[in-house]
There are 2 protein chains.
Amino acid sequence: MKRTTIIDIARSLGITPSTVSRALAGNLRVSESTRKRVQEKALEMGYQPNIVASSLRRGKSDTIGMLVPRINRHFFSHVISAVEEILNPAGYNLLICQSHEKSELENQALQVLLKNRVAGIIMSHAMETVDFEMARKATEERVPVVQFDRVNKEVPGPRIVNDNFSGAYMAVKHLIRGGYSRIAHLTGSLGVNVYSERHRGYRYAMEEASLDFDELVFEGAITRETGYEKALQLVKQHRVDAFFCAGDFASVGTIQAIHDCGLRVPEDMGVVGFANEPFAGFITPQLTTVEQNAYDMGHRAANALIRVIGGQIMTGMDQEEVVPVRLLVRESSMRATVNNK
Amino acid sequence: MKRTTIIDIARSLGITPSTVSRALAGNLRVSESTRKRVQEKALEMGYQPNIVASSLRRGKSDTIGMLVPRINRHFFSHVISAVEEILNPAGYNLLICQSHEKSELENQALQVLLKNRVAGIIMSHAMETVDFEMARKATEERVPVVQFDRVNKEVPGPRIVNDNFSGAYMAVKHLIRGGYSRIAHLTGSLGVNVYSERHRGYRYAMEEASLDFDELVFEGAITRETGYEKALQLVKQHRVDAFFCAGDFASVGTIQAIHDCGLRVPEDMGVVGFANEPFAGFITPQLTTVEQNAYDMGHRAANALIRVIGGQIMTGMDQEEVVPVRLLVRESSMRATVNNK
DNA sequence: GTTTTTTGTGCAATCGTTTGTATTTTTGTA
DNA sequence: TACAAAAATACAAACGATTGCACAAAAAAC
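An unreviewed UniProt entry lists chain A under the name LacI family transcriptional regulator, with Geofilum rubicundum JCM 15548 given as the organism.

A. Here's a closer look at the interface of chain B and chain A. At the interface, 44 residues of chain B touch 44 residues of chain A. For the pair chain B and chain A, the two sides together bury roughly 4400 Å², of which 53% comes from carbon and sulfur. Together, Arg3(B), Arg117(B) and Phe282(B) form the three largest contributors to the area buried by chain B at its contact with chain A, with a combined 17%. Inspection of the chain B/chain A interface yields two salt bridges. In this structure, the salt-bridge partner of Glu141(A) is Arg3(B), at a minimum N-O distance of 2.9 Å. Where chain B touches chain A, the interface holds 21 residue pairs in polar contact (both at pLDDT 80 or more). Elements supplying a minimum of two residues to the side of chain B that touches chain A: α4 (51-58), α5 (74-87), β2 (93-98) and α6 (103-115) of chain B. A class-by-class count of the residues in the side of chain B that touches chain A yields 21 nonpolar, 15 polar and eight charged. Strand direction decides the pairing type here: strand β2 (residues 93-98) of chain A and β2(B), joined by three bridges, are antiparallel.

B. Structural view of empty space enclosed by the protein. Counted by the stated rule, this structure contains three cavities of 30 Å³ or more. Taken as a whole, the largest cavity holds about 210 Å³ of empty space. Taken together, the elements giving at least two residues each to the lining of the largest cavity come down to α4 (51-58) of chain A together with α4 of chain B.

C. Up close: the relation of the copies chain B and chain A. Least-squares fitting of chain B to chain A yields an RMSD of 0.1 Å, with the transformation described by 0.0 Å of translation along the axis and a rotation of 180°. Those values place the two copies in the arrangement expected of a two-fold rotation axis.

D. Molecular detail of the domain arrangement of chain A. Assigned domains of chain A: these are domain 1 (6-49), domain 2 (61-162 + 294-323) and domain 3 (164-292 + 327-333). Its C-alpha centre places domain 1 of chain A at a distance of 64 Å from the equivalent point of domain 3 of chain A.

E. View of the protein's contact with DNA strand D. Taken together, 26 residues lie near DNA strand D, and Ile6(A), Arg57(A), Arg22(B), Arg29(B) and Thr34(B) sit nearest. In DNA strand D, atoms within 4 Å of the protein come from the sugar-phosphate backbone in 58% of cases. For DNA strand D, a base oxygen lies 3.3 Å from a polar atom in the side chain of Arg22(A). In the environment of DNA strand D, a base nitrogen lies 2.6 Å from a nitrogen or oxygen atom belonging to the side chain of Arg22(B). Of all the elements in the fold, those that place two or more residues in the surface near DNA strand D are α2 (17-24) and α4 of chain A together with α2 (17-25) and α4 of chain B. By residue number, the principal contributor to the surface near DNA strand D is α4(A), which donates four residues. Considered class by class, the residues forming the surface near DNA strand D number eight nonpolar, 11 polar and seven charged.

F. View of unusual backbone geometry. Between Val265(A) and the following residue, Pro266(A), the backbone shows a cis peptide bond with an omega angle of 10°. Checked against the element boundaries, Pro266(A) lands in the loop between α11 (248-260) and β9 (270-275). At the junction of Thr284(A) and Pro285(A), the peptide bond is cis and its omega measures out at -10° in the coordinates. Its place among the elements puts Pro285(A) in the loop between β9 and β10 (288-292). A positive phi angle is found at Arg117(B), which is not glycine, with a value near 55°. With respect to the secondary-structure elements, Arg117(B) resides in the loop between α6 and β3 (120-123).

G. Representation of the environment of Asn276(B). Residue and element names in this part refer to chain B. Here Asn 276 lies in the loop between β9 (270-272) and β10 (289-292). Of the residues examined, Asn 276 reaches a relative accessible area of 15% and is grouped as buried. Expressed as a C-alpha distance, the spacing of Asn 276 and Pro 144, which sit 132 residues apart in the sequence, is 31 Å. Residues within four places of Asn 276 in sequence aside, it is in contact with Asp 248, Thr 289, Val 290, Glu 291, Leu 328 and Arg 330.

H. Local environment of the pairing of β9(A). All names here are of chain A. Counting buried residues in β9 gives six out of six residues, a clear majority hidden from the surface. Handedness of the crossover joining strand β8 (residues 242-245) and β9 through α11 is recorded here as right-handed. Here β9 pairs with β10 via four bridges, running parallel. Pairing of Phe 274 across the sheet is with Val 290, part of β10.

I. Just the layout of surface pockets, in detail. Quantified by volume, the second largest pocket comes out at close to 1600 Å³. As for the second largest pocket, its lining consists of 50 residues, and the residues nearest its centre are Arg3(A), Gln48(A), Pro49(A), Asn50(A) and Arg117(B). The element best represented in the lining of the second largest pocket is α4(A), accounting for six residues. Taken together, the residues of the lining of the second largest pocket sort by class into 23 nonpolar, 15 polar and 12 charged.

J. Focus on the pattern of salt bridges. All names here are of chain B. Enumeration over the complete set of coordinates arrives at 34 salt bridges over all chains. The partner of Asp 296 in a salt bridge is Arg 300, with the nearest N and O atoms 2.9 Å apart. Of this pair, Asp 296 and Arg 300 are both found in helix α12 (residues 294-309), four residues apart, which corresponds to roughly one turn of the helix. Taking relative accessible area as the criterion, Asp 296 reaches 21% and is therefore assigned partly exposed.

K. Focus on the UniProt feature "domain: HTH lacI-type" (unreviewed entry) in chain A. With numbering aligned to this structure, UniProt lists the feature "domain: HTH lacI-type" (unreviewed entry) at residues 4-58 of chain A. Secondary structure across residues 4-58 of chain A comprises 67% helix and 0% strand; the distance between its end C-alpha atoms is 20 Å.

L. Fine view of the protein's contact with DNA strand C. Surrounding DNA strand C, one finds 27 residues, the nearest of these being Thr16(A), Arg22(A), Arg29(A), Tyr47(B) and Arg57(B). Among atoms of DNA strand C positioned within 4 Å of the protein, sugar and phosphate together represent 57%. A distance of 3.2 Å is found between a base nitrogen of DNA strand C and a side-chain nitrogen or oxygen belonging to Ser18(A). Here a base oxygen of DNA strand C and a side-chain polar atom of Arg57(A) are 3.0 Å apart.

M. Here's a closer look at the sheet that holds strand β6 (residues 183-186) of chain B. Residue and element names in this part refer to chain B. Read across the open sheet, the four strands follow the order β7-β6-β8-β9; overall the sheet is parallel. Looking at strand neighbours, the two that pair on one side only are β7 (217-218) and β9, the edges of this open sheet. Taken strand by strand, helix α9 (residues 193-208) contacts β6, β7 and β8 (242-245), and its axis lies near 170° from that of β6.

N. Main features of the state of the cysteines. All told, the structure shown has zero disulfides over all chains when counted by the stated rule. Free of any disulfide, Cys97(B) has its nearest cysteine sulfur in Cys97(A), 14 Å distant.

O. Expanded view of a negative patch on the surface. Residue and element names in this part refer to chain A. A cluster of like negative charges, contributed by Asp 131, Glu 133, Glu 140 and Glu 154, occupies part of the molecular surface. By secondary structure assignment, the location of Glu 133 is in helix α7 (residues 133-140). A residue is classified by how much of its surface remains accessible, and Glu 133, at 41% relative accessible area, is partly exposed.

Parameters at a glance
Residues numbered from 1 in each chain as written. Chains lettered and ligands numbered in written order. Predicted model: local features only at pLDDT ≥ 70, side-chain atom pairs only at ≥ 80, totals over all residues. Heavy atoms only, no water. Contact = heavy atoms within 4.5 Å. Buried area = accessible area lost by both parts, 1.4 Å probe. Salt bridge = Lys/Arg side-chain N within 4 Å of Asp/Glu carboxyl O. Polar contact = N/O pair within 3.5 Å; in protein donor to acceptor, adjacent residues only side chain to side chain. Helix = DSSP H or I, 4+ residues; strand = E, 2+ residues; numbered from the N terminus. Nonpolar A, V, L, I, M, F, W, Y, C, P; charged D, E, K, R; others polar. Pairing = 2+ DSSP bridges. 1 Å grid on protein atoms, 1.4 Å probe; cavity = no way out; pocket = protein on both sides within 12 Å on 5 of 7 lines; lining within 4 Å. Points joined across faces, edges and corners; volume = space filled by probe spheres on them. Least-squares fit on C-alpha atoms with pLDDT ≥ 70 in both. Domains from an automatic or database assignment. Near = heavy atom within 4 Å. Buried < 20%, exposed > 50% of the residue type's maximum accessible area, 1.4 Å probe, protein only. Right-handed = clockwise from strand over helix to strand, strands pointing away. UniProt positions renumbered as here; feature names shortened; annotations may be inferred. Axes fitted to C-alpha atoms, helices over the stretch in contact; angles between N-to-C directions. Disulfide = S-S within 2.5 Å. Patch = residues over 30% accessible without salt bridge, like charges linked within 9 Å, V, L, I, M, F, W, Y side chains within 5 Å. Areas by Shrake-Rupley, 256 points an atom, 1.4 Å probe, with all protein chains shown as cover. Lys, Arg positive; Asp, Glu negative; His and termini not counted. Charge placed at Lys NZ, Arg CZ, Asp CG, Glu CD.

Below you can see the structure in the form of structure tokens.
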């Protein structure tokens, strides 16, 4: 059986669809009595408005596109959740796509979102992405784009980023205070803003303390496995006494490597991670890391998008919002009686 | 500037929109030459088909609704990811909603999905939900529903569930083999299929070994906090020597409680969890737990939905698919030299 | 009691595609 | 050259809601 439409309701009440439409929309130009009748009838017939038709006619949809590298990453899934928390009450729904860290899939996903005529896009780029043309095109087609975490300035619109610089700076400074000095930095591609900023923070802290860091920075060591390998190599060479990893997974691999070399954390070597993955507080030793507030970020991104859609921010004027981070000092870096700040 | 439509393309080529539509759809009734011309023009004008209009006309959308209690749960986010892996290549997109474990929000979300005329729904119920009317209504409105993990037989259509019974049975049997006998079971609401099945497995194993379990089953102890409290109480009363928790979070709380009482895991008390949360292999002691394959489940759910949409499964005929689970034996339960099976 | 204003509805076009049917053009054949 | 068959394209009506405008009825003003 067909779904009931406003036409069905109209017919069964002997009025026109336009009146039904207005009645359901709560338009004041329709009398109280018919509004009641329409609402009752709609309920009785189990009417569900057809958003598709409505969107087409209104020329705008209530769907927001969300594009992330991977839904199943702790950080991203929490951002999504936070975005939804803001956008749902505001009457929007989320069409979610993953890029799987591939530029090609990212572009495809953007196309899909545009084809679906989303009212706006909240996205974080794939690591691989260097060409941001597609995202720019979206804004040119009047679809506002809000970037978060992995952002690029070539794309107009608000950007919400973590305070990666300060987080890294605090982390490294904390290690230095703890008496570590040959601090290696394992990180991802420095072409990605997230990692370049953390790298900047690392350098700043090292330079400030007049410590040498040439040949102590290693790109492409961000997973547990690659972290393990690089750390194993460095520890064996006796070149370092601490690690600042740009991610917690690499930190886990690093700790493993240190243990496998018969050394202790933090007594022999300190380790600090980044992200505060859920396991960071559980592992042995508990991992000192930089906490990034995914909820805060999601809320900000959603609110920024709402402002852009509402015309409160001009498309041209792009702005960056920085979400504060926190250094969580735990066992993996507490060699001595160290001051937490 | 307005987005280009097939009408624009038609005009600029001196043909009709219908021909353009057919050309882009690859319809064989349009000549090779015009098809080429249309495709080129479309590319040149940056044409993006309007899926909204298309959906309206075709009476069906390419969007699948996905409804989960919480996106940011490890298990659910992985299922989502797996579903997307299957559905994306098949030309579908995912509209994702969360119920936040609330029946009311679950129903609202279902309404939203129906209003958006999704082609199908893949869902897992909120713990709270006891009234499944809304999900039934969806199938009555010809929107196929596939349930996974938290399912209910009142709702027609495929159900994909973990082998909770066997998982629990294996877990408890493993504890018994290890020499534990006063095994408590901390779990969630037994009104939820997931927990009732695990409970059944627990009972079966206990009965099989002629062990007493009256007053050893506790509902409402599923979080880290509630798990901690209940465990603390039981340990202090010297009533138990092992715990089978229906979730890993409760297991973490339990281990904490045992430690806080000055006892050791697994020497004094054994602990087995359920889910294999990402931290399970990292914590100390490493947690023995039942691994549920979220990817497998997602793939099956997506494929089931595709089959229903394709008419390969009658709506009436409901079927349950059981995803196998695996017991991962780790430190938290290995008191003696135990056989892993 | 007439005119003006207000209020409530109806009419009809529109959003951008799709698709059944009609029409034109092309091709093949006698 | 004519004519049927086949191929390519055009026409027009949907899909279901929204909305500017017209219009009737009721209320208010004179």
